[in-house]
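Summary of the model geometry
Read off the chains here:
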Amino acid sequence: MAATGFQHTHRVSTSLLVGASITEDWEGTGVEVKIGITDSPRELVFTSAQTPSEVEALVSAALGKDSDVLGLTDDKGRRFLVNSDKIAYVEIGAADSRRVGFGIGSGAAKSG
């Protein structure tokens, strides 16, 4: 058992990690990437400008021992490097458009 309380295996099928439901509908939009790291209570979450196919290929290569490090770039140009032996899971999904501030409801916008 790892310190997190979960049993850790070093290699898991990449189809379980990245999922088979990646579609080409996401091409050209931001992709949210979540990486669970063993022995860490938090996951690494960022939005990448890379396509889901590119992210999946990089994850598969890192987990397949083609590389010891997974390297991904976020939409702001920052580079994230994760030791492939420490990757617990990777989730690839459509990025949420985050809104800043407070929305005004239709009832509150009426002027009297």
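All of these numbers come straight from a predicted model, not from anything done at the bench. (Residues numbered from 1 in each chain as written. Predicted model: local features only at pLDDT ≥ 70, side-chain atom pairs only at ≥ 80, totals over all residues. Heavy atoms only, no water.)

1. Describing the pairing of strand S1 (residues 31–37)
Burial runs high along S1: five of the seven residues are buried. Note: S1 against strand S2 (residues 43–48), six bridges, orientation antiparallel. Within S2, the residue paired with Ile-35 across the bridge is Leu-44. What sits between the antiparallel neighbours S1 and S2 is a turn of five residues, in which Asp-39 has the positive phi angle 60°. (Buried < 20%, exposed > 50% of the residue type's maximum accessible area, 1.4 Å probe, protein only. Helix = DSSP H or I, 4+ residues; strand = E, 2+ residues; numbered from the N terminus. Pairing = 2+ DSSP bridges.)

2. Some thoughts on the pattern of salt bridges
Under the counting rule described, the total for this entry stands at two salt bridges. In this structure, Lys-86 engages Asp-39 in a salt bridge whose closest nitrogen and oxygen atoms are separated by 3.9 Å. Taken together, the residues span a long stretch of sequence, with Lys-86 in the loop between strand S4 (79–83) and strand S5 (87–94) and Asp-39 in the loop between S1 and S2 at a distance of 47 residues. Judged by its relative accessible area of 36%, Lys-86 is partly exposed. One salt bridge connects Asp-74 with Arg-78, and the closest N-O pair in it is separated by 2.7 Å. Judged by relative accessible area, Arg-78 falls into the partly exposed class, the value being 48%. (Salt bridge = Lys/Arg side-chain N within 4 Å of Asp/Glu carboxyl O.)

3. Describing the confidence of the model for the chain
Averaged over all residues, the pLDDT of the chain is 74; the fraction at 70 or higher stands at 59%. Summarising per-element confidence for the chain, the mean pLDDT is lowest in helix H1 (residues 14–18) (43) and highest in S1 (95). Scored below 50 in pLDDT, residues 4–27 shows 39 contacts in the model against residues more than four places distant or in partner chains. (pLDDT = per-residue confidence, 0-100. Contact = heavy atoms within 4.5 Å.)

4. Here's the deal with the environment of Arg-79
When you line up the elements, Arg-79 lands in strand S4. Residue classification places Arg-79 among the exposed positions, given a relative accessible area of 51%. Beyond its immediate stretch of four places on either side in the chain, Arg-79 contacts Gly-71, Leu-72 and Thr-73. Reaching out from Arg-79, the side chain makes a polar contact with the side chain of Thr-73 at a distance of 3.0 Å. (Polar contact = N/O pair within 3.5 Å; in protein donor to acceptor, adjacent residues only side chain to side chain.)

5. A short note on the nonpolar core
As a rule of thumb, soluble globular proteins bury nonpolar side chains together. Counting 16 residues, the largest nonpolar core has Val-33, Ile-35, Phe-46, Leu-70, Leu-72, Ile-87 and Val-90 as its most contacted members. Elements with a contribution of two residues or more to this core: S1, S2, helix H2 (52–63), strand S3 (69–73), S4 and S5. Considering each element in turn, this core owes the most residues, four residues, to H2. Filtering out sequence-adjacent residues up to four positions away, Leu-70 remains in contact with Ile-35, Leu-58, Val-59, Ala-62, Phe-80, Leu-81, Val-82 and Ile-87. (Core = buried A, V, L, I, M, F, W, Y, C linked by side-chain atoms within 4.5 Å.)

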